[in-house]
Amino acid sequence: MSLLDDVAVRDGWRCWVCDEPVDADMSVNDPRGPSVDSRTADKKAKIPERLAHRACNTRKGAVKVVIAWPDRLNVVEPAPLITVADRLERKGGRELVARCPSKKDAQEAADWLVDRFSRLAPGLPVTATVEPGGGQFLVALASGRKR
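Conventions adopted
- Residues numbered from 1 in each chain as written.
- Predicted model: local features only at pLDDT ≥ 70, side-chain atom pairs only at ≥ 80, totals over all residues.
- Heavy atoms only, no water.
- Buried < 20%, exposed > 50% of the residue type's maximum accessible area, 1.4 Å probe, protein only.
- Helix = DSSP H or I, 4+ residues; strand = E, 2+ residues; numbered from the N terminus.
- Pairing = 2+ DSSP bridges.
- Core = buried A, V, L, I, M, F, W, Y, C linked by side-chain atoms within 4.5 Å.
- Salt bridge = Lys/Arg side-chain N within 4 Å of Asp/Glu carboxyl O.
- Polar contact = N/O pair within 3.5 Å; in protein donor to acceptor, adjacent residues only side chain to side chain.
- Contact = heavy atoms within 4.5 Å.
- Axes fitted to C-alpha atoms, helices over the stretch in contact; angles between N-to-C directions.
- Disulfide = S-S within 2.5 Å.

A. Main features of the pairing of strand 1 (residues 34-38). For strand 1, the buried fraction is high: 4 of the 5 residues fall into the buried class. Bridging between strand 1 and strand 2 (residues 49-53) involves 5 bridges; their strand directions are antiparallel. Following the sheet pairing, S38 is matched in strand 2 by E49.

What follows is the structure in structure tokens.
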């Protein structure tokens, strides 16, 4: 199996940048085709390769990627997820990532975050909690250090 196949199977054939499915049968030269990418330009960092669409990989270039929160989630002041992932990988601990008007909204955001982090930072055990606070509900991510 090639590196592309290994990375793609590990990532569930989903692009780490846009979180959309990657078609295994599409040409690697097609903008929606698969490519292998690293989250960082720093070759000394021990960050594994990630699966990305060719266009997502090309578009990001050397610019730091911004992972968008889905519009369907009702969140206030969502945290930048790449920054959260970097901090949790480096130090572990707990971080508040969003506020939501209802417990249902907060739980939907928490569920999405755990799923999204499984592809964004594989090997980083992340859990999400929902806590009441100030008339709203807070979503927090917690993790030990990366294994």
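Next comes the rest of the write-up.
B. Expanded view of the nonpolar core. Grouped together as the largest cluster of nonpolar side chains are 36 residues, with contacts concentrated most on W69, L113, F117 and V139. Elements that contribute at least two residues to this core include exactly helix 1 (3-10), strand 2, helix 3 (81-91), strand 3 (93-100), helix 4 (103-120) and strand 5 (136-143). No other element matches the 7 residues that helix 4 contributes to this core.

C. Structural context of the pattern of salt bridges. One pass over the structure, following the stated rule, counts 10 salt bridges. Put simply, R14 and D19 hold a salt bridge, and the shortest N to O gap is 3.5 Å. In this structure R14 comes out as partly exposed when scored by relative accessible area, which is 28%. Judged by relative accessible area, which is 11%, D19 ranks as buried. Between R87 and E95 there is a salt bridge, with its nearest N and O atoms 2.4 Å apart. Bridged by salt links that share partners, the residues R14, D19, D115, R116 and R119 form one connected network.

D. Spatial organisation of the side chain of D19. Mapped onto the fold, D19 is located in the loop between helix 1 and strand 1. Only 2.6 Å separates the side chain of D19 from the side chain of R119, close enough to count as a polar contact. With residues near it in sequence (within four places) discarded, D19 still touches R14, R116 and R119.

E. Molecular detail of the sheet that holds strand 3. Across the sheet, 3 strands lie side by side as 3-5-4; this open sheet has antiparallel pairing. Looking along the sheet, the strands with just one partner apiece sit at the ends: strand 3 and strand 4 (126-133). Put simply, the sheet's adjacent strands are angled 25 degrees from each other on average, direction ignored. As judged from the 7 bridges shared by strand 3 and strand 5, these two strands associate in the antiparallel manner. From the neighbouring strand, L96 faces strand 5, where its bridge partner is A140. Along the sheet face, helix 3 touches strand 3 and strand 5 and points at about 155 degrees away from the line of strand 3. Its contacts with the sheet place helix 4 against strand 3, strand 4 and strand 5, and it is angled at close to 165 degrees to strand 4.

F. Broad picture of the pairing of strand 5. Pairing of strand 4 with strand 5, which is carried by 8 bridges, proceeds in the antiparallel orientation. Paired with P132 across the two strands is F137, which belongs to strand 5.

G. A look at the state of the cysteines. Counted under the stated rule, the structure contains 0 disulfides. Unpaired in this structure, C18 has its nearest cysteine sulfur neighbour in C15, at a distance of 3.7 Å. Here C56 stays free of any disulfide, with the sulfur of C15 as its closest cysteine sulfur at 3.8 Å. C56 gets classed as buried once you look at its relative accessible area, which sits at 3%.

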